[in-house]
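Here's the letter readout for the chains.
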Amino acid sequence: MDKENFMKKAIELSIKNMDKGGGPFGAIIVKNGEIIAESGNSVTIDNDPTAHAEVNAIRTASKKLGTYDLSGCDIYASCEPCPMCLGAIYWSNIDRLFFANNQNDADEIGFSDKFIYDEIAKNYTQRNLKTENIMREDALRAFEIWRNKEDKIEY
């Protein structure tokens, strides 16, 4: 399959996903020309605000491949990923991202991420989510243990 056919599959998933009660989003993950994971958005189905198509597909691919490192994989998303999904794509080491609909298209149907992008740019003390940095000195102990841990698996 070529890029366009993989994207067609992601778009088809986004359409079929609405029949299941999910949002209009689909994603597939491809490795070596083979689809290894596919998913739609299941936020309302699973009552899970993190169950976006991309995150669901990453979880499926990681389980199938037995690794948290999806290097060598591409992701095809029916829409430009939100900040959470983009972060998950980076954390999973996916090589390439392809998307169809963009942020503006999503915004026009009520899925706006602009407020999150705006919030991320602010200092945490200025965000709408009331945030306090507490007990940092106590928490640093875990980081010191990690720093000195000889058998850690870095990721």
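Just so we're clear, the structure is a prediction, and the values are computed from it rather than from any experiment.

**Brief notes about the environment of Thr131**
Here is step 1 of the chain: Tracing the backbone shows Thr131 in the loop between helix 6 (114-121) and helix 7 (136-148).
Here is step 2 of the chain: The class of Thr131 is partly exposed, set by a relative accessible area of 35%.
Here is step 3 of the chain: Of note is the side chain of Thr131, whose polar atom sits 2.8 Å from the backbone oxygen of Leu129.

**Considering the packing of aromatic side chains**
Here is step 1 of the chain: Under the defined criterion, the tally for this structure stands at four aromatic pairs.
Here is step 2 of the chain: Each ring, one from Phe6 and one from Tyr76, has its centre 5.3 Å from the other, and the planes form 45 degrees; the classification is tilted. Residue Phe6 is located in helix 1 (residues 3-19), and its partner Tyr76 is located in strand 3 (residues 73-79); the two are separated by 70 residues in the primary sequence. A single burial state applies to Phe6 and to Tyr76, both of which are buried.
Here is step 3 of the chain: Centre to centre, the rings of Tyr76 and Phe98 are 4.6 Å apart; their planes meet at 10 degrees, and the pair counts as stacked. Of this pair, Tyr76 sits in strand 3 while Phe98 sits in strand 4 (residues 96-101), and the two are 22 residues apart along the sequence. Phe98 shares its class with Tyr76; the two are buried.
Here is step 4 of the chain: Here the aromatic residues Phe6, Tyr76 and Phe98 are joined through ring pairs into a cluster of three or more.

**Looking at the environment of Ala51**
Here is step 1 of the chain: Here Ala51 is to be found in the loop between helix 2 (43-46) and helix 3 (53-65).
Here is step 2 of the chain: The class for Ala51 is buried, based on a relative accessible area of 1%.
Here is step 3 of the chain: Sequence separation between Ala51 and Glu132 is 81 residues, and the spatial gap between their C-alpha atoms is 27 Å.
Here is step 4 of the chain: Excluding residues within four positions of it along the chain, Ala51 makes contact with Gly40, Asn41, Ser42, Val43, Asp46 and Asn56.

**Quick word on the sheet that holds strand 3**
Here is step 1 of the chain: Taken together, the four strands give an open sheet; going across it, the order is 2-1-3-4, and neighbouring strands pair in mixed fashion. With partners counted over all chains shown, the strands left at the sheet margins are strand 2 (34-40) and strand 4, one partner each. Direction aside, the axes of adjacent strands within the sheet are offset by 15 degrees on average.
Here is step 2 of the chain: In the sheet, strand 3 pairs with strand 4 via five bridges, with the strands oriented parallel. Residue pairing for strand 4: Cys79 is matched across the bridge by Asn101.

**Observations regarding helix 4 (residues 83-91)**
Here is step 1 of the chain: Listing the buried residues of helix 4 in full gives Pro83, Cys85 and Ile89. Projected onto a plane normal to the axis of helix 4, the buried residues spread over an arc of 165 degrees and lie on a single side.
Here is step 2 of the chain: Summarising the contacts, the buried residues of helix 4 are in contact with helix 3, strand 3, strand 4 and helix 6.
Here is step 3 of the chain: Immediately beyond the C-terminal end of helix 4, within one or two residues, lies Asn93, with a positive phi of roughly 65 degrees.

About the thresholds
Residues numbered from 1 in each chain as written. Predicted model: local features only at pLDDT ≥ 70, side-chain atom pairs only at ≥ 80, totals over all residues. Heavy atoms only, no water. Helix = DSSP H or I, 4+ residues; strand = E, 2+ residues; numbered from the N terminus. Buried < 20%, exposed > 50% of the residue type's maximum accessible area, 1.4 Å probe, protein only. Polar contact = N/O pair within 3.5 Å; in protein donor to acceptor, adjacent residues only side chain to side chain. Phe/Tyr/Trp six-rings, centres within 6.5 Å; stacked < 30°, edge-to-face > 60°. Contact = heavy atoms within 4.5 Å. Pairing = 2+ DSSP bridges. Axes fitted to C-alpha atoms, helices over the stretch in contact; angles between N-to-C directions. Arc of directions from axis to C-beta.

Nothing here speaks to function; it is all geometry.
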